[in-house]
Amino acid sequence: MLSIIQAAGWPIWPLILCSILALAFIIERFIKLKRARVLTPNLTDEAIGISREAVPTPDVIAQLGDHSALGKVLAAGWRAIASNPQCSAEEMRAAMEAAGRQEAHHLERYLPALATIASAAPLLGLLGTVIGMIEIFGSQAPTGSLSGGNPAQLAHGISIALYNTAFGLIVAIPTLIFWRYFRARVDGYVMELELAAERFARHLERLCPGRSEERAR
């Protein structure tokens, strides 16, 4: 492998860097996108049960926010009501939506980088192949020479140059597969977060101080 890398020339080093980065991003996303880190089981039901009569204490709100991404979204609704004596249902929902957008952004972290690597790796491999073949044909036909060069040496040089293309595809194909997998996983998580947040927001509407004032008017 080391001899192949050395023979492929300097264009293969950006591909090696891309492969290292892609592997690091994939491992990081597998850890961060575990379901327990995003959607704690039965957390919405527990939060609804705790706040049937009133919003809990700040310690309970902070504890909920430390659970998972879902906990941060639900805690945003509690926090909006607790911090604003005149909080309306619209303001509470806006706070939860803002927290949801922030958590969705965190879930999508490094996915654009994976997509970029999957797109750029084949082009880097092709660039390395073109540069290698230019160097090969340049060395095979010196200026003023009428000889055609050594065909075996030429074939060997072309095969070495094609290593760049092969390595680019080796990097790009798994990266693209994992990007699509993580993309689908994040989309599913975001949909479940939205459904849970909507259910919790309907529960919190009757606890909003601004709601009773609107009814009195």
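### Regarding a positive patch on the surface
Taken together, the side chains of Lys 32, Lys 34, Arg 37 and Arg 109 define a basic patch exposed on the protein surface. Among the residues examined, Lys 34 registers a relative accessible area of 48% and is labelled partly exposed.

### Digging into the packing of helix H6 (residues 69-83) against helix H7 (residues 89-107)
As a packed pair, H6 and H7 sit with axes 8 Å apart at the nearest point and diverge in direction by 155°. Comparing the axis directions of H6 and H7 gives the class roughly antiparallel. Crossing angle aside, the handedness with which H6 passes H7 is right-handed. Residues Ala 69, Lys 72, Val 73, Leu 74, Ala 76, Gly 77, Ala 80 and Ile 81 of H6 touch H7, and the partners they reach there are Met 92, Ala 95, Met 96, Ala 99, Gly 100 and Glu 103. Within the contact of H6 with H7, the residues separate by chemical class into 10 nonpolar, two polar and two charged.

### A few points about a nonpolar patch on the surface
A surface patch of nonpolar side chains, amounting to about 270 Å² of accessible area, comprises Leu 23, Ile 27 and Ile 31. Looking at the element boundaries, Ile 27 is found in helix H2 (residues 12-32).

### Things to note about unusual backbone geometry
In this structure, Asn 42 is a non-glycine residue whose phi angle is positive, near 60°. In this fold, Asn 42 is placed in the loop between helix H3 (35-38) and helix H4 (43-50). The residue Tyr 110 is not glycine, and still its phi comes out positive at about 70°. For Tyr 110, a relative accessible area of 27% puts it in the partly exposed group.

### Considerations on the pattern of salt bridges
A complete count under the given rule lists eight salt bridges for this structure. Note that Glu 192 and Arg 35 form a salt bridge whose closest N and O atoms lie 2.6 Å from each other. Here Arg 35 lies in helix H3 and Glu 192 lies in helix H9 (residues 151-204), a separation of 157 residues in the sequence. Among the residues examined, Glu 192 registers a relative accessible area of 30% and is labelled partly exposed. On the basis of relative accessibility, which here comes to 43%, the residue Arg 35 falls in the partly exposed class. Bridged by salt links that share partners, the residues Arg 93, Glu 198, Arg 202 and Glu 205 form one connected network.

### Regarding the nonpolar core
Counting 49 residues, the largest nonpolar core has Leu 74, Met 92, Met 96, Leu 107 and Phe 200 as the members making the most contacts within it. For this core, the secondary-structure elements that each account for two or more residues are H2, H4, helix H5 (58-65), H6, H7, helix H8 (111-140) and H9.

### What about the packing of aromatic side chains?
Counted under the stated rule, the structure contains seven aromatic pairs. Taken together, a centroid distance of 4.7 Å and an interplanar angle of 15° make the contact between Phe 25 and Tyr 110 stacked. Of the two residues, Phe 25 is situated in helix H2 and Tyr 110 in the loop between H7 and H8; the sequence distance between them amounts to 85 residues.

### A few points about H2
Its 21 residues give H2 an end-to-end C-alpha distance of 30 Å, which sits within 8% of 30 Å, the value for a rise of 1.5 Å per residue. By the burial criterion, the buried members of H2 are Ile 12, Leu 15, Ile 16, Cys 18, Ala 22, Phe 25, Ile 26, Glu 28 and Arg 29.

### Some details on the environment of Gly 77
Mapped onto the elements of the fold, Gly 77 is located in helix H6. Note: C-alpha distance between Gly 77 and Glu 205 (128 residues apart in sequence) is 9.7 Å.

### Thoughts on the state of the cysteines
Here a disulfide denotes one covalent bond, and it connects the sulfur atoms of two cysteines. Applying the stated criterion across every chain yields a total of zero disulfides. Here Cys 87 stays free of any disulfide, with the sulfur of Cys 208 as its closest cysteine sulfur at 4.8 Å.

Calculation rules
Residues numbered from 1 in each chain as written. Predicted model: local features only at pLDDT ≥ 70, side-chain atom pairs only at ≥ 80, totals over all residues. Heavy atoms only, no water. Patch = residues over 30% accessible without salt bridge, like charges linked within 9 Å, V, L, I, M, F, W, Y side chains within 5 Å. Areas by Shrake-Rupley, 256 points an atom, 1.4 Å probe, with all protein chains shown as cover. Salt bridge = Lys/Arg side-chain N within 4 Å of Asp/Glu carboxyl O. Lys, Arg positive; Asp, Glu negative; His and termini not counted. Charge placed at Lys NZ, Arg CZ, Asp CG, Glu CD. Buried < 20%, exposed > 50% of the residue type's maximum accessible area, 1.4 Å probe, protein only. Axes fitted to C-alpha atoms, helices over the stretch in contact; angles between N-to-C directions. Helix = DSSP H or I, 4+ residues; strand = E, 2+ residues; numbered from the N terminus. Parallel < 35°, antiparallel > 145°, perpendicular 65-115°, else oblique. Left-handed = near helix turned anticlockwise from the far one by under 90°. Contact = heavy atoms within 4.5 Å. Nonpolar A, V, L, I, M, F, W, Y, C, P; charged D, E, K, R; others polar. Core = buried A, V, L, I, M, F, W, Y, C linked by side-chain atoms within 4.5 Å. Phe/Tyr/Trp six-rings, centres within 6.5 Å; stacked < 30°, edge-to-face > 60°. Expected span 1.5 Å × (residues − 1). Disulfide = S-S within 2.5 Å.

Any link to function would need more than the numbers given here.
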